[in-house]
Amino acid sequence: MTLQVDDAAALRQAMVATLREEGLITTEDVATAMNTVPRHDSAPGEPLDRVYQTNTTLVPKIDAQGRQTSVVSASHIQAIQLEQADVQPGMNLLEIGSGGYNAALIAEIVGRTGSVTTVDIDADVIARARAGLQRAGYEQVYVVHADAEHGVPDHAPYDRIIVTVGAWDIPPAWLDQLTPDGRIVVPLRFAGITRLIALDHTPDTPMLTASNYRLGSFVPMQGDGAAHEQLIAVTPDVGLRLDQNSELTFNVPALRKALNTKAVEGWSGTPFDMPDELELYLLTAGPEMPMLHAAQAAIEQGVVNRTVRTGTPALVRGDTFAYRIKRENPETISGFETGVIAHGPQAEQVGAELLNMIRAWAGRYYRRGAARITYHPNPADTSGLIGWHTTKRHGDLAIDWS
Ligand SMILES: C[S@@+](CC[C@H](N)C(=O)[O-])C[C@H]1O[C@@H](n2cnc3c(N)ncnc32)[C@H](O)[C@@H]1O
């Protein structure tokens, strides 16, 4: 049966109900906006039932290399970002990365006393967003075709900047165009992963402090702020991803050999739960680790464990490496247990080192939001920073687990 536009209101209600049940919509303003804005107006050609699923991206644009450069984001990510941003009636907002729907949601929340600007680097996306906003009745949104690395000074200052594209850094223009008590919600890329971070000015200092962070991924930023991560191929199907500013080097032939040796497994006795929190800890609390990635073929052939499918931190020590795995274990709270698998001549030692880190996380940080994330714009005084930090183009990102 083909669904008609008349069915959209019921589908919207179901979408909102699901997002509430999942704890992703927590405020009435976001619920009302998502119940009101016709998402299908920004998704021409997409079937109505797909449009109102909570985890489906729409109208993807693919470049010549087969990579996605634009989508209308999944509604669960949009709900998370809107809640993170704490958008209020009357505010002036900048959305970076357009699609139409999300800007309409923001316009619905800020109301006629507020103002919304959305900016995209891609002329096709701008045309589609403009048409979608018009169809849905949100012509008041300013739609700007530009590289958002430089913000949109014409409509600044903004109470909130919601970045809907994977950013590697926080360019000075965004901070210059933010009100003193403003907030930036940004999918920030570091150490080979992305976290959706809500950053606020910190009174009496130039630094920004995260009020919360969540898991989420986005298409990467293009233009002047584009990142260039390093991918080191161990085999044609298995690789190590490093941040663009990493200076780690590897003995690739030795690691390739290690991959073909029998693996050693070890188990931590701790629950496998909140893997995104554990991942953040492993990447920022100890020795620098690359992210291990593998093609489906390597997983199907059993070369690497299936937990590598979406990438996992790997502890590499010379000719040996280890990464975390999981197994069912009804005796843990989550019903699963975290373990490690290690390949190479030092597999016992390197596996034990990683297991110790996993146990340390489970013992001290087994909860959401345990990391303290700050950003220090240039000229940053990082002399007093404790814990992990990484130097980006426009400042330093720091993550403290103390
Ligand atoms: C995930 S989509 C945005 C989704 C949108 N906010 C929505 O309503 O669902 C990310 C967008 O960011 C855009 N983009 C990438 N780099 C950009 C840049 N430097 N400046 C502005 N837009 C950029 C892409 O063209 C793409 O359309």
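Residues numbered from 1 in each chain as written. Predicted model: local features only at pLDDT ≥ 70, side-chain atom pairs only at ≥ 80, totals over all residues. Heavy atoms only, no water.

1. What about the overall build of the protein chain?
The cut-off we apply is this: For the purposes of this entry, the term helix denotes a DSSP run of H or I that reaches at least four residues, the term strand denotes a run of E that reaches at least two, and both are numbered from the N terminus. A radius of gyration in this sense is built from C-alpha atoms; the matching globule rule multiplies 2.2 Å by the number of residues raised to 0.38. Accessibility here uses a 1.4 Å probe with only protein chains present; expressed as a share of the type maximum, an area under 20% marks a residue as buried, one over 50% as exposed, and anything in between as partly exposed. Any pair of residues with heavy atoms lying within 4.5 Å of one another is described as a contacting pair. Surface accessibility in these figures is a Shrake-Rupley result with a 1.4 Å probe; residues are shielded only by whichever protein chains are displayed. For the charge count, each Lys or Arg is scored as positive and each Asp or Glu as negative, with His and the chain ends excluded. Every charge is mapped to an atom, namely NZ of Lys, CZ of Arg, CG of Asp or CD of Glu.
The number of helices and strands found in the protein chain is 11 helices and 19 strands. Compactness check: the protein chain gives a C-alpha radius of gyration of 22 Å against a globular reference of 21 Å for 402 residues, within 12% of the reference. Dimensions of the protein chain along its principal axes, counting C-alpha atoms only, are 65 × 60 × 45 Å. Split into buried and exposed, the 402 residues of the protein chain put 55% on the buried side. Pairs at least 24 residues apart make up 58% of the contacts formed inside the protein chain by residues separated by at least 6 positions. Carbon and sulfur atoms make up 50% of the accessible area of the protein chain, which amounts to about 17500 Å² in all. The average position of the 32 basic charges and that of the 48 acidic charges among the side chains of the protein chain differ by 5 Å.

2. Side note on the site of the ligand
This is how it is decided: We call a residue near a given molecule or strand whenever any one of its heavy atoms falls within 4 Å of it. Definition of a polar contact: a pair of N or O atoms within 3.5 Å, with one able to donate and the other able to accept a hydrogen when the atoms are protein atoms, and with sequence-neighbouring residues admitted only if both atoms are side-chain atoms. Three residue categories are used. Nonpolar comprises Ala, Val, Leu, Ile, Met, Phe, Trp, Tyr, Cys and Pro, charged comprises Asp, Glu, Lys and Arg, and polar comprises the others, including Gly.
Looking at the ligand, there are 24 residues lining it, with S70, S73, E95, D120 and D147 nearest. Contact distances for the ligand include 3.4 Å between an oxygen atom and a backbone N or O atom of N102. Mapped by element, the contributors of at least two residues to the shell around the ligand are β2 (68-72) and β4 (115-120). Of all the elements, β2 adds the most residues to the shell around the ligand, at 4 residues. Classifying every residue of the shell around the ligand by side-chain character gives 10 nonpolar, 10 polar and 4 charged.

3. Considerations on the domain arrangement of the protein chain
The condition is simple: Segmentation of the chain into domains, including their bounds, is taken from an automatic or database domain assignment. Summed over both partners, the accessible area lost on bringing two parts together, with a 1.4 Å probe, is the buried area.
For the protein chain, the assigned domains are domain 1 (5-225) and domain 2 (230-364). Domain 1 and domain 2 are separated by 33 Å when their C-alpha centres are compared. Taken together, the contact pairs 9 residues of domain 1 with 11 residues of domain 2. Between domain 1 and domain 2 lies a buried interface of about 940 Å² when both sides are counted; carbon and sulfur atoms form 58% of it.

4. Comments concerning empty space enclosed by the protein
Formally: Grid points spaced at 1 Å over the protein atoms alone were grouped into cavities, where a 1.4 Å probe fits but cannot get out, and pockets, open sets with protein on both sides within 12 Å along at least five of seven lines, with lining residues defined by an atom within 4 Å of a point. Grid points are joined across faces, edges and corners, and a volume is the space filled by probe spheres set on the points.
For the coordinates displayed, the defined rule picks out 2 cavities of 30 Å³ or more. The calculated volume of the largest cavity comes to roughly 40 Å³. Mapped by element, the contributors of at least two residues to the lining of the largest cavity are β11 (238-242) and α8 (252-259). The residue makeup of the lining of the largest cavity, split by class, is 7 nonpolar, no polar and no charged. Within this model, the second largest cavity holds a volume of roughly 40 Å³. Forming the walls of the second largest cavity are E149, A167, W168, D169, P171, M221, G225 and H394. Of the residues that constitute the lining of the second largest cavity, the class distribution is 4 nonpolar, 2 polar and 2 charged.

5. Points about the side chain of T202
By the element assignment, T202 lies in the loop between β8 (193-201) and β9 (208-215). When its relative accessible area of 18% is taken as the criterion, T202 is described as buried. For T202, the residues in contact, after removing those within four places along its chain, are M207, L208 and T209.

6. Digging into the environment of E328
Examined against the element boundaries, E328 turns out to sit in strand β15 (residues 320-328). Overall, E328 belongs to the exposed group, its relative accessible area being 64%. The spacing of E328 and D147 is 181 residues in sequence and 47 Å in space, taken between C-alpha atoms. If we ignore the near neighbours within four places in the chain, the residues touching E328 are G335 and F336.

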